[in-house]
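# Reading the structure
If you want the building blocks of each chain, they are given just below.
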Amino acid sequence: MYSSNDGKRNLFAKRQDPLPLAIGPLSVFKEELQRHPIVYHTIAAVAKQYGIPYVHTLRSPIAMETLADPDPNVERWLELLPFVDVNILRILVQRAEKCRFRAIVLTVDGPEKGNRPKEKDYVRQPDFETMVADLLQNDVDAVILTIGPYTPFCSYIVALQKVQQNPSTRGIVFAGGSCFTEDEVAELVAHGVERVFVDLPALWGLVIDGADGVSNVIEIYKKELSKL
């Protein structure tokens, strides 16, 4: 991940937001929800209210331009995939900068056991360890380690600590996962994780009570984090 806009803005020095959270990229679990722009706009608005980043995904039906915000304190990040065509990446980054997005999140799948379905032609599936090593040697602000759907939380903590101990990461590691509980988020932060990404709880809150439901989810995390 690297910052854009405002030169080489440090994403971690004197962070103004009070919560070590980020919402997204949204893993919309219902096709009906995925088609509705209001899903992304509402959650982005709640993220702005709490001063935390909203990570926009290219899988959404809305253009990133619709999320452009003139407020310099708003955090919008863009998820990218390792497209084979470098021109696609270049154009997307340029658009993100014009929209005042603050960071790029590059999503790369790790190795999987068993048979992997054939990747689409426009997405590159690089050697995972080689790509991570290359990223760490270049201008990357942080590493986001995402928990697998069947990974025990205790095993995930062990993996996080190994990444934190890698000198190339400078100890700056984010935690990614669809549905961390409030207790798990607090434990991750207690282990030195700079920021925790959540998405499904925000979506569940949206389904239950719209923007107020999303806010209630953030308040649950906030209450638990206040105990640290």
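Remember, it's a predicted structure, so these values are computed and weren't measured experimentally.

This part is about the pattern of salt bridges. Opposite charge on two side chains makes pairing possible when the charged atoms of those side chains draw close. Scanning all chains against the criterion turns up 4 salt bridges. Between Lys48 and Asp69 there is a salt bridge, and its shortest N-O distance comes to 2.9 Å. Of the two residues, Lys48 sits in helix α2 (residues 37-50) while Asp69 sits in the loop between β3 (54-56) and β4 (76-80), which places them 21 residues apart along the sequence. According to the relative accessible area criterion, Lys48 is partly exposed, its value standing at 37%. With a shortest N-O distance of 3.3 Å, Lys227 and Glu224 are connected by a salt bridge. Given the relative accessible area of 59%, Lys227 is considered exposed.

Relative to the helices and strands, Gly205 is located in helix α7 (residues 200-225). Distance in space between the C-alpha atoms of Gly205 and Ser215 is 7.8 Å, their sequence separation being 10 residues. Not counting chain neighbours up to four residues away, the residues in contact with Gly205 comprise Gly210, Gly213, Val214 and Val217.

Pro25 follows Gly24 through a cis peptide bond whose omega is -10 degrees. Locating Pro25 in the fold gives a position in the loop between β2 (21-23) and α1 (31-34).

Turning to α7, a few remarks are in order. Compared with the 38 Å implied by 1.5 Å per residue over 26 residues, the 19 Å span of α7 between its first and last C-alpha is markedly short. Most pronounced at Asp209, the bend in α7 amounts to some 140 degrees.

Once that is clear, we can look at the packing of α2 against α7. Packed helix pairs are specified by the crossing angle of their axes together with the interaxial distance, meaning the distance between the axes. Where α2 meets α7, the axes come as close as 10 Å, and the angle between the chain directions of the two elements is 10 degrees. Looking at the two axes, α2 sits roughly parallel to α7. For the pair α2 and α7, contact is made by Val39, Thr42, Ile43, Val46, Gln49 and Tyr50 and by Ala202, Leu203, Leu206, Ala211, Val214, Ser215, Ile218 and Glu219, respectively.

Let us now look at the packing of aromatic side chains. Working definition: an aromatic ring pair is given by the centre-to-centre distance plus the angle between the planes. Considering all chains together, one arrives at 6 aromatic pairs under this definition. Plain terms: the ring middles of Phe153 and Tyr156 are 6.4 Å apart, the flat faces sit at 45 degrees to each other, and that makes the pair tilted. Of this pair, Phe153 and Tyr156 both sit in helix α5 (residues 153-165), 3 residues apart, which is roughly one turn of the helix. Taking the relative accessible area as the measure of exposure, Tyr156 reaches 2% and is therefore buried.

Rules of the game
- Residues numbered from 1 in each chain as written.
- Predicted model: local features only at pLDDT ≥ 70, side-chain atom pairs only at ≥ 80, totals over all residues.
- Heavy atoms only, no water.
- Salt bridge = Lys/Arg side-chain N within 4 Å of Asp/Glu carboxyl O.
- Helix = DSSP H or I, 4+ residues; strand = E, 2+ residues; numbered from the N terminus.
- Buried < 20%, exposed > 50% of the residue type's maximum accessible area, 1.4 Å probe, protein only.
- Contact = heavy atoms within 4.5 Å.
- Expected span 1.5 Å × (residues − 1).
- Bend = angle between axes of the 7 residues up to and from the residue.
- Axes fitted to C-alpha atoms, helices over the stretch in contact; angles between N-to-C directions.
- Parallel < 35°, antiparallel > 145°, perpendicular 65-115°, else oblique.
- Phe/Tyr/Trp six-rings, centres within 6.5 Å; stacked < 30°, edge-to-face > 60°.

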